[in-house]
Amino acid sequence: MFKDKFKYYKSKNPTPELGRVLNFNSVDPNTRNKVQKVALPVQDVPVFFGFKPLESWEVYEIIDRPGLIFIKNPFTILGQRYWTVRCLKDFSNKPNKSNLDSAKKIPDNKDWWEMCQNNNVLLLNKLRWVTLGYHHNWDTKVYSESNRGKFPKDLQEMASFLATTLGYSRYSAEAAIINYYHMDSTLSGHTDHSERNLAAPLFSFSFGQTAIFLIGGPTLQDIAIPLFIRSGDIVVMSKESRLCYHGVPKILQVDNRMWCSLEQGSDKLVPKDYKETVDICKDENLWKPFGSYLTHSRININVRQVLFEGEKLLEIGSS
Ligand SMILES: O=C(O)CCC(=O)C(=O)O
Ligand SMILES: [Fe+2]
């Protein structure tokens, strides 16, 4: 049952045994029996900025959770750094909504990240979530046209590239939730069901420390399967798994900081609009505070398509 597993992996005392957690880093016999490799359709799409060549991608599906696709870190280190900087420095700024809005601690015209660097490091650790595009109202679980911000072009483009790569040709990223986890953070079991278009996959990108992620079934009584999600890994919830219960009972601190040193020649294909952020990523001094944040945090970007193609939104969702 989901709640028991969640409690088990969350527990500090006794600490849980991790041998049954699906591990895509070294596909051991336990993992090998439970997953199958997915071949990507051969496509002639130029690889999106920040990704390794498609031929090197390792893509799996969990056999007991059809539609739960796991892409083992397809990002370059520059790509991981890029999204980390975007999430911390840019996406967290107003007018995007965040959990800090209610605290009224951030003046409208301030660059949030700079403010934290200069004099308010504590504020940095209080950031828990930001929404982009259609804002998901946590209380009513409703998306509405009147509660909608801009959706960043780069994130839209990355989601579309991924959708095309997986065979979904007309994906439109319309809402995202960015979750900022610290070492003691958890995310309890839930389903993401407020989107109207549940045929469109949900894409989940993670950077920084490792999560134990639980993927359950359509009800809380179904068996929950634990897996490690590491920096750069992508989880796709599609088909039958789109409406499965899931949650994060634990964040683990790892010593393997994959984002630490840039690979040679990783800067070849930087689109013009991305240059300002990439310049930060490539300057070790400027990158340093972002890297430090990742040593005790995890960032997850959760992208959804809300509507069917051509559909207009009135007031949707349900609790
Ligand atoms: O952090 C994660 O891996 C999952 C986040 C999630 O499920 C959500 O934002 O709905
Ligand atoms: Fe979720």
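Note that the structure is a prediction, hence the values are computed from the model and not measured. (Residues numbered from 1 in each chain as written. Chains lettered and ligands numbered in written order. Predicted model: local features only at pLDDT ≥ 70, side-chain atom pairs only at ≥ 80, totals over all residues. Heavy atoms only, no water.)

### A few points about the overall build of the protein
Point 1. Helix and strand counts for the protein come out as eight helices and 15 strands.
Point 2. Taking 319 residues into account, the globule formula puts the C-alpha radius of gyration at 20 Å, and the protein, at 19 Å, falls close to it.
Point 3. C-alpha extents for the protein along the principal axes are approximately 50 × 50 × 50 Å.
Point 4. Residues counted as buried form 52% of the 319 residues belonging to the protein.
Point 5. Contacts spanning at least 24 positions in sequence make up 77% of the contacts within the protein whose residues lie at least 6 apart.
Point 6. When the accessible surface of the protein is split by element, carbon and sulfur atoms take 52% of a total near 15,300 Å².
Point 7. Charged side chains of the protein number 41 positive and 35 negative; the gap between the two group centres comes to 4 Å. (Helix = DSSP H or I, 4+ residues; strand = E, 2+ residues; numbered from the N terminus. Rg over C-alpha atoms; globule rule 2.2 N^0.38 Å. Buried < 20%, exposed > 50% of the residue type's maximum accessible area, 1.4 Å probe, protein only. Contact = heavy atoms within 4.5 Å. Areas by Shrake-Rupley, 256 points an atom, 1.4 Å probe, with all protein chains shown as cover. Lys, Arg positive; Asp, Glu negative; His and termini not counted. Charge placed at Lys NZ, Arg CZ, Asp CG, Glu CD.)

### As for the site of ligand 1
Point 1. Neighbouring ligand 1 are the residues N179, Y181, L187, H190, D192, F213, H246, V248, R298, N300, N302 and R304.
Point 2. One of the side-chain N or O atoms of Y181 is found 2.5 Å from an oxygen atom in ligand 1.
Point 3. H190 is positioned with one of its side-chain polar atoms (N or O) 3.0 Å from an oxygen atom of ligand 1.
Point 4. If ligand 1 stood free it would expose 300 Å²; the protein chains cover 96% of that surface.
Point 5. Among the cavities detected, the one that contains ligand 1 is the largest pocket.
Point 6. Elements represented by at least two residues in the shell around ligand 1 include exactly β7 (175-182), β8 (187-190), β13 (246-252) and β14 (297-304).
Point 7. Residue contributions to the shell around ligand 1 peak at four residues, all from β14.
Point 8. Of the residues that constitute the shell around ligand 1, the class distribution is four nonpolar, five polar and three charged. (Near = heavy atom within 4 Å. Polar contact = N/O pair within 3.5 Å; in protein donor to acceptor, adjacent residues only side chain to side chain. 1 Å grid on protein atoms, 1.4 Å probe; cavity = no way out; pocket = protein on both sides within 12 Å on 5 of 7 lines; lining within 4 Å. Sits in = over half its atoms within 2 Å of the grid points. Nonpolar A, V, L, I, M, F, W, Y, C, P; charged D, E, K, R; others polar.)

### Description of the coordination of the iron ion (ligand 2)
Point 1. The protein atoms that coordinate the iron ion (ligand 2) are H190 (NE2), D192 (OD) and H246 (NE2), at distances spanning 2.1 Å.
Point 2. All donors of the iron ion (ligand 2) come from a single chain, and their spacing in sequence reads H-x1-D-x53-H. Here H246 lies in strand β13 and H190 lies in strand β8, a separation of 56 residues in the sequence. (Donors = N, O, S within 2.8 Å, 3.2 Å for Na, K, Ca; no water.)

### Quick word on the nonpolar core
Point 1. If you look at the biggest cluster of nonpolar residues, it comprises 56 residues, and the most contacted ones within it are W83, F205 and V303.
Point 2. Residue contacts for W83: discarding those within four places in its chain leaves F48, F75, F91, D154, L155, M158, F207 and I301.
Point 3. The next biggest cluster of nonpolar side chains, apart from the first, holds 20 residues, and it includes A211, I225, V235 and V248. (Core = buried A, V, L, I, M, F, W, Y, C linked by side-chain atoms within 4.5 Å.)

### Considering the sheet that holds strand β11 (residues 225-229)
Point 1. Read from one edge of the open sheet, four strands run β8-β13-β10-β11, paired in antiparallel fashion. The open sheet has two free edges, formed respectively by β8 and β11, since each of these has just one partner strand. The sheet shows a mean angle of 25 degrees between the axes of neighbouring strands, direction not considered.
Point 2. In the sheet, strand β10 (residues 210-215) pairs with β13 via five bridges, with the strands oriented antiparallel. (Pairing = 2+ DSSP bridges. Axes fitted to C-alpha atoms, helices over the stretch in contact; angles between N-to-C directions.)

### Here we look at the packing of aromatic side chains
Point 1. Across all of its chains, the model carries 23 aromatic pairs by this definition.
Point 2. Here the aromatic rings of F75 and F207 are separated by 5.2 Å at their centres, their planes lie at 70 degrees, and the arrangement is edge-to-face. With a gap of 132 residues between them, F75 in the loop between β3 (68-72) and α3 (77-90) and F207 in strand β9 (residues 202-208) connect regions that are remote in the sequence.
Point 3. F75 sits in the buried class, given a relative accessible area of 1%.
Point 4. With a relative accessible area of 0%, F207 lands in the buried category.
Point 5. Here a set of aromatic residues connected by ring pairs shows up, and it is made of F48, F49, F51, W57, F75, Y82, W83, F161, F205, F207 and Y274. (Phe/Tyr/Trp six-rings, centres within 6.5 Å; stacked < 30°, edge-to-face > 60°.)

### Focus: the sheet that holds β3
Point 1. Taking strand neighbours across the sheet as the criterion, the nine strands line up as β1-β2-β3-β12-β9-β14-β7-β5-β4 in an open arrangement whose pairing is antiparallel. The open sheet has two edge strands with one neighbour each: β1 (35-37) and β4 (97-98).
Point 2. Here β9 pairs with strand β12 (residues 234-237) via four bridges, running antiparallel. Bridge pairing links F205 to I234 in β12.
Point 3. Helix-sheet contacts for helix α6 (residues 153-165) involve β3, β5 (129-133), β7, β9, β12 and β14, and the interaxial angle to β9 is about 115 degrees.
Point 4. Lying on the sheet, helix α8 (residues 284-294) is in contact with β7, β9 and β14; it crosses β14 at an angle near 90 degrees.

### Thoughts on the layout of surface pockets
Point 1. Approximately 490 Å³ is the volume found for the largest pocket.
Point 2. Along the walls of the largest pocket sit 30 residues, with W138, N179, Y181, L187 and H190 positioned nearest its centre.
Point 3. At the level of elements, β7, β8, β12, β13 and β14 are the ones that each hand at least two residues to the lining of the largest pocket.
Point 4. Among the residues making up the lining of the largest pocket, the classes are represented as 10 nonpolar, 14 polar and six charged. (Points joined across faces, edges and corners; volume = space filled by probe spheres on them.)

### What about the UniProt feature "binding site: Fe cation" (unreviewed entry) in the protein?
Point 1. Under the local residue numbering, the UniProt record ascribes the feature "binding site: Fe cation" (unreviewed entry) to H190, D192 and H246. These annotated residues cover 57 residues of sequence, and their C-alpha atoms all fall within 9.0 Å of one another, placing them together at a single site. Residues from the annotated list that form part of the lining of the largest pocket: H190, D192 and H246.
Point 2. Leave out the neighbours within four places in its chain, and H190 touches C244, Y245 and H246.
Point 3. A distance of 3.5 Å separates a polar atom in the side chain of H190 from a polar atom in the side chain of D192.
Point 4. By the element assignment, D192 lies in the loop between β8 and β9.
Point 5. When its relative accessible area of 9% is taken as the criterion, D192 is described as buried.
Point 6. Excluding its chain neighbours within four sequence positions, the residues that come into contact with D192 are L198, L202, R242, L243, H246 and R304. (UniProt positions renumbered as here; feature names shortened; annotations may be inferred.)

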